[in-house]
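Report on the structure
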Amino acid sequence: MDVFRIEGPVRLSGRVPVNGSKNAALPIMAAAILAEGQSSLVSVPNLSDVRVFVELLKSLGCRVERQAQGDMLIDSTVIDNPVGDYEIVRKMRASICILGPLLARCGRAEVSMPGGCAIGDRPINLHVRGLRQLGAEIHLKNGYVIAEAPHGLTGASIFLGGSFGSTVLGTANVMMAATLARGRTVIESAACEPEITDLANCLNDMGARISGIGSPRLVIEGVGQLNPVRYTVIPDRIEAGTFMVAAAITNGELELTNCRLDDMMAVVDKLRSIGIAVESKGDGCTVVGTGKIIPADITTQPYPGFPTDLQAQFMALLALAQGNSLVIEKIFPDRFMHVAELNRMAADLRKEGPAVVVAGVEKLVAAPVMASDLRASAALVLAGMAAEGTTTINRVYHIDRGYERIEERLNPLGAKIRREKAP
Ligand code: EPZ
């Protein structure tokens, strides 16, 4: 396993392009299952999560290849094994989003339950409820979800909200299944995340008939078949937000290209309230530290609210604010694996149930820390760049799941990150 050695403090400056969105690419890769033939996807990031998903698609019978210029070709002419095997699914929870497309395409699917992970439970009761309302017979056996619809699916009116609001991949699963159902499906309390909008746009390019895109109420008129597509994935707003915090926490100045500020209004609003200058520029923006970090309160919410996937990164920033902040996690209440690790770096964070009181400190101090979930690990990289001394981050594979060789993107901007093999 690799470790990162990060020297700090540094000040970042320069230009960095934002990659395609992991969380848009994964369900769009699953959507290729719905159409017989070869689809080509552009701007799919080269991440370990994506490589796991490729392994999963191949296990179903698809042919998948990466072209020289980076496009991903997915040929789903043959799907002869509609089974998402535990050995693959356990590596990546998002694998569950093959359930809906397999059910619609093959009339049956077996997918291993995702199980829990570092950010907490990952239930799929809403996925199951929505697919059952489309007529699927679903039962659980030996840790697998067994779904069958031998006579196809039938459109229905489905309320998909749960106790934590909408479900992103639950919306993806039900929406994808509904595209090939007989008749009309209405999904109320659908997720509005830009990644779901991107998936819906891709499905419509494949011949689906989805309206209400971007709203909590999706209407899907079932069609007889979908066609392969060539589609470009949207930029990754969470990677962009991570780079924005990198500029802020190092009191630096970055220009982000291929970054859609329209998808990040809650994030930009919060950065500005913290005293960071964010200005639109070309197809991206500039982010400039202003020498001060103003305390701010953050509550994570479904889109368009503040994204849970940036909670850890902003907590690292607020750890250096001139005063106290409050961070409340409403989506994954246990998503605080970074708190203890940041405290090892002399942050002053106190967890109170689903909230953390962040008492700003003058400086962070380097320490050996442990990566855990993907975004908590990114927060440790950010803290390491601001801390005095050399921070060691263990289990860097967590970071590689969602950020493509992050050290090769940050070092040209002034970071000092060495990737080493753990002893
Ligand atoms: C997606 O996960 C993202 N992953 C997550 O990003 C992100 O944190 C999450 O949405 C919330 O925005 C991908 O898109 C691949 P949910 P998803 O279903 O769809 C509860 C990252 O770092 N819930 O929207 O699995 C659930 O427990 C990852 O890139 C149910 O109760 O999340 C949570 O509290 C981490 N029943 C809330 O809903 C269900 O059936 C939101 O979960 C499904 C979810």
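As a starting point, this report considers the structure included with it. Given the structure is predicted, the values throughout are model-derived calculations rather than measurements. (Residues numbered from 1 in each chain as written. Predicted model: local features only at pLDDT ≥ 70, side-chain atom pairs only at ≥ 80, totals over all residues. Heavy atoms only, no water.)

**Observations regarding the overall build of the protein chain**
- Along the protein chain, the regular secondary structure elements total 14 helices and 24 strands.
- A total of 423 residues make up the protein chain; the buried ones form 60% of that total.
- Counting only contacts in the protein chain whose residues sit at least 6 apart along the sequence, the fraction spanning at least 24 positions is 72%.
- Just so you have it, the protein chain exposes about 15,900 Å², and 50% of that area is on carbon and sulfur atoms.
- Looking at charge distribution, the protein chain has the averaged site of its 43 positive side-chain charges lying 1 Å from that of its 45 negative ones. (Helix = DSSP H or I, 4+ residues; strand = E, 2+ residues; numbered from the N terminus. Buried < 20%, exposed > 50% of the residue type's maximum accessible area, 1.4 Å probe, protein only. Contact = heavy atoms within 4.5 Å. Areas by Shrake-Rupley, 256 points an atom, 1.4 Å probe, with all protein chains shown as cover. Lys, Arg positive; Asp, Glu negative; His and termini not counted. Charge placed at Lys NZ, Arg CZ, Asp CG, Glu CD.)

**Some words on the nonpolar core**
- Judged by nonpolar contacts, the single largest core of 79 residues is most densely connected at Met29, Phe53, Met175 and Leu203.
- With sequence-adjacent residues up to four places away left out, Met175 is seen in contact with Ile187, Ile196, Leu199, Ala200, Leu203, Ile210, Leu218 and Ile220.
- Listed in part, the 75 residues of the second largest apolar core include Val18, Leu320, Met345 and Leu382. (Core = buried A, V, L, I, M, F, W, Y, C linked by side-chain atoms within 4.5 Å.)

**Considerations on the packing of helix H10 (residues 311–318) against helix H11 (residues 337–344)**
- Here H10 crosses H11 at 25 degrees, and the two axes come no closer than 10 Å. Accordingly, the angle class assigned to the pair H10 and H11 is roughly parallel. As H10 packs across H11, the resulting crossing turns out to be right-handed. Each of Gln311, Ala312, Met315 and Ala316 in H10 lies in contact with H11, whose residues at this interface are His338, Val339 and Leu342.
- Residue composition of the contact of H10 with H11, by class: 5 nonpolar, 2 polar and no charged. (Axes fitted to C-alpha atoms, helices over the stretch in contact; angles between N-to-C directions. Parallel < 35°, antiparallel > 145°, perpendicular 65-115°, else oblique. Left-handed = near helix turned anticlockwise from the far one by under 90°. Nonpolar A, V, L, I, M, F, W, Y, C, P; charged D, E, K, R; others polar.)

**Here we look at unusual backbone geometry**
- Note that the residue after Gly8, namely Pro9, is joined by a cis bond; omega there is -5 degrees.
- Inspection of the secondary structure assignment puts Pro9 in the loop between strand E1 (2–8) and strand E2 (13–17).
- Between Tyr303 and Pro304 the backbone carries a cis peptide bond, its omega angle lying at 10 degrees.
- Here Pro304 shows up in the loop between strand E18 (298–299) and H10.
- In this model, Asn142 sits at a positive phi of 50 degrees, which is unusual for a non-glycine residue.
- Structurally, Asn142 can be placed in the loop between strand E8 (137–141) and strand E9 (144–148).
- Given the relative accessible area of 70%, Asn142 is considered exposed.
- One non-glycine residue, Arg405, lies in the positive phi region at around 45 degrees.
- Mapped onto the elements, Arg405 comes out in the loop between helix H13 (397–400) and helix H14 (406–410).
- Taking the relative accessible area as the measure of exposure, Arg405 reaches 38% and is therefore partly exposed.

**Let's talk about the pattern of salt bridges**
- Under the counting rule described, the total for this entry stands at 28 salt bridges.
- Where Glu420 meets Arg5, a salt bridge forms, and the shortest distance between an N and an O atom there is 2.8 Å. One end of the pair, Glu420, is in strand E24 (residues 416–421); the other, Arg5, is in strand E1, and 415 residues separate them in sequence.
- Residue classification places Glu420 among the partly exposed residues on the basis of a relative accessible area of 24%.
- Across the pair Glu420 and Arg418 runs a salt bridge, and its minimum N-O distance is 3.2 Å.
- When salt bridges with common partners are traced through the structure, they connect Asp2, Asp400, Arg405, Glu407, Glu408, Arg419 and Lys421 into a single cluster. (Salt bridge = Lys/Arg side-chain N within 4 Å of Asp/Glu carboxyl O.)

**So, helix H6 (residues 168–178)**
- Of all 11 residues in H6, 9 are buried; the element is thus mostly enclosed.
- A side-chain oxygen of the first residue of H6 lies 2.9 Å from the backbone nitrogen of Gly170; this N-cap is Thr167. (Polar contact = N/O pair within 3.5 Å; in protein donor to acceptor, adjacent residues only side chain to side chain.)

**A word on the site of the ligand**
- With respect to spatial proximity, 23 residues lie near the ligand, and among them Asn125, Leu126, Thr167, Asp309 and Ile331 are the closest.
- One nitrogen or oxygen atom from the main chain of Leu169 is found 2.8 Å from an oxygen atom belonging to the ligand.
- Burial of the ligand by the protein chains amounts to 90% of its free accessible area of 820 Å².
- Contributions of two or more residues to the shell around the ligand are made by helix H1 (22–31), helix H5 (125–133), H6 and helix H12 (374–386).
- Broken down by class, the residue content of the shell around the ligand amounts to 11 nonpolar, 6 polar and 6 charged. (Near = heavy atom within 4 Å.)

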